[in-house]
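Residue strings, one per chain:
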Amino acid sequence: MSAKDALTASAYTACWRAIRALPAPAARGIFRLGADYAWRRNGGSVQRLRRNLARVLGHNLGAPPGPGHLEDAVRAGMRSYARYWLEAFRLPSLPTRAVLDGMVLENSELLFDAVAAGRGVIGALPHSANWDHAGAWACAQDLPLTTVAERLKPESLYRRFVAYREGLGMEILPTSGGAQPPLDILTSRLEQGRVVVLLADRDLSSRGIEVNFFGGRTRMPAGPALLALRTGAPLLVVSLWYDDKILRARIHPAVGVPSQGNTREKLSAMTQAMADEFAHGIAAHPQDWHMMQRLWLERERAAAADISSPGSPA
């Protein structure tokens, strides 16, 4: 393990231990200050978030957002992202009642009716608000939940994240390096009637399906649609956002399976429908979308470089 990897692992471990010991108001204040500091420092991740939110806001408005509007969104986005990490560090110590009371799910019958019928269910989520809390909520409802985890470096950090999510009640499969391909195991889990939850607004393989997303082209993973085609399980898109102290979630109606076309054409249509539902949720609550990586395929124009600099603080 390199010195940098060791330092990263140690920092996460220290946060997991220390943050739970702090009173909640003090912890929130510390993370809010950290978010504002990161916003002012304007590092690479903040610049990427700014570019991504500029596209979302510009698509919503039909014109590029003003500097003040954009900066308000970026600062709110950093605070939302800091809140995710604060809650992640504290979530394992929350009593089950607090986990359940801390989230409100709209259209929950779409999930529970499918589970009661003995069908597997595929939940597709964007990187918004707190997807870990959503998973913990489902497990607290006695829903058998399986998901995958990207292999992080160092390995010790990956194992800690796996243990963290397993401690919340989830079954975690590695995206690579497992005994079987994860898609085969997920197919089996759906056939057993389990709930498979996948973060699906960013493709990690470079083999995803091209979709139109906020007026540009990007790739999203084919896995959710492919699992739906393989198993007949409904593909439910879930939107997540923060509402004051509450995490809110909305389940959208199941993505339709085209009656015509070959497998690739069906996958393309279903993944585009998934992307459209993601876009509706993100457009309504852009500050809670934690996308700090490059997403769109086209080269950013020179004008986009201007967006990498923050405007005057509001």
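Residues numbered from 1 in each chain as written. Predicted model: local features only at pLDDT ≥ 70, side-chain atom pairs only at ≥ 80, totals over all residues. Heavy atoms only, no water.

Trainee: Give me empty space enclosed by the protein: which residues, what numbers.
Mentor: Considering all chains together, one arrives at one cavity of 30 Å³ or more under this definition. By volume, the largest cavity amounts to about 50 Å³. Lining the largest cavity we find P126, S128, S239, L240, F278, G281, I282, H285 and W289. The element that contributes the greatest number of residues to the lining of the largest cavity is helix 11 (residues 263-284), accounting for three residues. Class assignment of the residues belonging to the lining of the largest cavity gives a composition of five nonpolar, four polar and no charged. (1 Å grid on protein atoms, 1.4 Å probe; cavity = no way out; pocket = protein on both sides within 12 Å on 5 of 7 lines; lining within 4 Å. Points joined across faces, edges and corners; volume = space filled by probe spheres on them. Helix = DSSP H or I, 4+ residues; strand = E, 2+ residues; numbered from the N terminus. Nonpolar A, V, L, I, M, F, W, Y, C, P; charged D, E, K, R; others polar.)

Trainee: Account for the packing of aromatic side chains, naming residues and giving values.
Mentor: Two numbers describe a pair of aromatic rings. These are the distance of the centres and the angle of the planes. Following the criterion strictly, the structure yields 10 aromatic pairs and no others. An angle of 65° between the planes, with centres 6.3 Å apart, marks the rings of F112 and W137 as edge-to-face. Of this pair, F112 sits in helix 6 (residues 109-116) while W137 sits in helix 7 (residues 131-140); the two residues are 25 residues apart in sequence, bridging distant segments of the chain. When its relative accessible area of 26% is taken as the criterion, F112 is described as partly exposed. The exposure class of W137 is buried, given its relative accessible area of 8%. Seen from their ring centres, F213 and W296 are 6.0 Å apart, and the 25° between their planes marks the pair as stacked. Of this pair, F213 sits in strand 6 (residues 209-213) while W296 sits in the loop between helix 11 and helix 12 (302-305), and the two are 83 residues apart along the sequence. The ring of W296 is capped by R55, whose NZ or CZ atom sits 4.5 Å from the centre of that ring. (Phe/Tyr/Trp six-rings, centres within 6.5 Å; stacked < 30°, edge-to-face > 60°. Buried < 20%, exposed > 50% of the residue type's maximum accessible area, 1.4 Å probe, protein only. Lys NZ or Arg CZ within 6 Å of the ring centre and 35° of its normal.)

Trainee: Describe the layout of surface pockets, with residues and values.
Mentor: By volume, the second largest pocket amounts to about 850 Å³. Around the second largest pocket, the lining comprises 26 residues; the ones closest to its centre are R28, R83, E87, D244 and K245. Among the elements that line the lining of the second largest pocket, the one with the most residues is helix 4 (residues 67-90), at eight residues.

Trainee: Give a description of the pairing of strand 8 (residues 235-243) that names residues and reports values.
Mentor: Each regular strand shows side chains that alternate between the opposite faces of the sheet. Of all the nine residues making up strand 8, eight are buried; the element is thus mostly covered by neighbouring parts of the structure. The pairing of strand 2 (residues 121-125) with strand 8 spans three bridges and is classified as parallel. Residue G123 lies in a different strand from strand 8, and its bridge partner there is L236. Bridge analysis of strand 8 against strand 9 (residues 246-251) gives six bridges, and the strand direction is antiparallel. Across the sheet, residue Y242 finds its bridge partner in strand 9, namely L247. The hairpin turn running from strand 8 into strand 9, its antiparallel successor, is two residues long, and D244 in that turn takes a positive phi close to 60°. (Pairing = 2+ DSSP bridges.)

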